[in-house]
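One letter stands for each residue in the lines below.
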Amino acid sequence: MTAAFLALLVVALTPWPAPAQPQQLRTIPGRAGVTQSFALIRPSGAPVASVVLFTGGRGALGLDRGLPGPRATNFLVRNRYRFAERGLLVAVLDVPSDRKAEALVGFRTTAEHAADVRAVIAALRAEAPVPVWLVGTSMGSVSAANAAARLTDGGPDGVVLTSSVMGRSREMGESLQDVALDTIRVPALVVHHRDDGCRASRYADAAWALRRLSGAPKRELLTYTGGDPPQSDPCEPLSPHGYFGLDAAVVDAIAAWIVATPAEPKR
């Protein structure tokens, strides 16, 4: 039996959802003079892996005003408890303390952003001695890929890029085109909906991203179709761009892929 098959078997036999613990606000030191906040959700038992979730758009959660509520619509944010119910320790990242005004616009591909992510990875490793994965969606994939590309020391054990923005927009100014994807040396999963109608996140470009991840020891493209009728614009989360109506299937597949992928030895 392959590791992937065994992981999928575990997924099929696990009585999910297993209740997760209530989310908590964590604020840690980042770069000099900067703090980084995130919502932390622990699984009910010992975690099998940790994930850092990067929301799309401007990247701001507004944790200084309170933790995310049930009305959150971003694919990863609305499924944060679902990831924890799959046995994962979950951190949902907000913007750093020095980016409250601009948020992550023009910042996602910087070394400073990667340094803040490194601090979060270290905090999760202190919580649990398990692999740490970065999971981004839409513009959040740019953050996840940037950190995976830049962090050779203290970096993640794997990266998941969902509904990735691969075309530049005047509003955000960054995309996966601005990340050295070929320097990523950890396993990489690309997830995309075939009917994604967002012009900056075309399904036709997902194969390009997979090819560019040429240095990853393991890489795969998961394609989805179907779901519920869209309730938002094509680049918003209540549409194929956010796997609307496919939440459980997509989260289960991501969790299974993470569990099935052994951590690469750190060099």
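Residues numbered from 1 in each chain as written. Predicted model: local features only at pLDDT ≥ 70, side-chain atom pairs only at ≥ 80, totals over all residues. Heavy atoms only, no water.

Colleague: What exactly am I supposed to notice about the side chain of Thr-55 here?
Modeller: Looking at the element boundaries, Thr-55 is found in the loop between β3 (49-54) and α2 (75-78). Overall, the relative accessible area of 10% leaves Thr-55 in the buried class. In contact with Thr-55, not counting residues within four places along its chain, are Leu-61, Asn-74, Val-77, Arg-108, Thr-137, Met-139 and Gly-140. (Helix = DSSP H or I, 4+ residues; strand = E, 2+ residues; numbered from the N terminus. Buried < 20%, exposed > 50% of the residue type's maximum accessible area, 1.4 Å probe, protein only. Contact = heavy atoms within 4.5 Å.)

Colleague: Looking at this structure, I do not really get the state of the cysteines. What am I missing?
Modeller: Here a disulfide denotes a covalent bond joining the sulfur atom of one cysteine to the sulfur atom of another. Scanning the model with the defined rule gives one disulfide in all. Put simply, Cys-198 and Cys-235 are joined by a disulfide, and their sulfur atoms are 2.1 Å apart. One quick way to see it: the torsion about the S-S bond of Cys-198 and Cys-235 is about 95°, and its sign makes the bridge right-handed. Of this pair, Cys-198 sits in the loop between β7 (188-193) and α6 (206-212) while Cys-235 sits in the loop between β8 (219-224) and α7 (247-260), and the two are 37 residues apart along the sequence. (Disulfide = S-S within 2.5 Å.)

Colleague: Mind showing me how you'd approach the pattern of salt bridges here?
Modeller: When the charged atoms of two side chains lie near each other, side chains of opposite charge can form a pair. Tallying each qualifying case throughout the model produces ten salt bridges. Arg-86 is the salt-bridge partner of Glu-85, the closest N and O atoms lying 3.6 Å from each other. We classify Glu-85 as buried; its relative accessible area is 18%. The class for Arg-86 is buried, based on a relative accessible area of 9%. Two residues, Arg-125 and Asp-157, come together in a salt bridge whose shortest N-O distance is 2.9 Å. Of this pair, Arg-125 sits in helix α4 (residues 111-127) while Asp-157 is found in the loop between α5 (140-150) and β6 (158-162), placing the two residues 32 residues apart along the sequence. In this structure Arg-125 comes out as partly exposed when scored by relative accessible area, which is 29%. For Asp-157, a relative accessible area of 7% gives the class buried. When salt bridges with common partners are traced through the structure, they connect Arg-26, Arg-42 and Glu-127 into a single cluster. (Salt bridge = Lys/Arg side-chain N within 4 Å of Asp/Glu carboxyl O.)

Colleague: Help me out: how do you make sense of the nonpolar core in this one?
Modeller: The nonpolar side chains of a soluble globular protein tend to be buried with one another. Core analysis: the biggest nonpolar cluster contains 45 residues, and Leu-134, Val-159 and Ile-184 have the highest contact counts within it. Among the elements that make up this core, the one with the highest residue count is α4 (seven residues). In this structure, Ile-184 is in contact with Ala-145, Ala-148, Ala-149, Val-159, Leu-213, Gly-215 and Ala-216, ignoring residues within four places of it in sequence. Counting residues in each nonpolar core, the second largest holds 31 residues, with Ala-49, Val-135, Leu-246 and Ala-255 among its members. (Core = buried A, V, L, I, M, F, W, Y, C linked by side-chain atoms within 4.5 Å.)

Colleague: Could you clarify how one ought to interpret the confidence of the model for the protein chain in this entry?
Modeller: Of all residues in the protein chain, 91% attain a pLDDT of 70 or more, and the chain-wide mean is 91. Note that residues 1-16 has pLDDT below 50 and, in this model, 13 contacts with residues that lie over four places away or in other chains. (pLDDT = per-residue confidence, 0-100.)

Colleague: Is there a simple way to think about the sheet that holds β8 in this case?
Modeller: Judged by pairing direction, the sheet is mixed, and its eight strands sit side by side in the order β1-β2-β4-β3-β5-β6-β7-β8 without closing on themselves. Only two strands of the sheet have a single neighbouring strand rather than two, namely β1 (24-29) and β8. Going across the sheet, the axis of each strand differs from the next one's by a mean of 25°, ignoring polarity. As judged from the five bridges shared by strand β5 (residues 132-137) and β6, these two strands associate in the parallel manner. Directly across from Trp-133, in β6, lies its bridge partner Gly-158. Contacts from α5 reach β3, β5 and β6 within the one sheet, and its direction differs from that of β5 by about 145°. Relative to β8, α7 is tilted by about 165°, and along the sheet it contacts β3, β4 (88-93), β5, β6, β7 and β8. (Pairing = 2+ DSSP bridges. Axes fitted to C-alpha atoms, helices over the stretch in contact; angles between N-to-C directions.)

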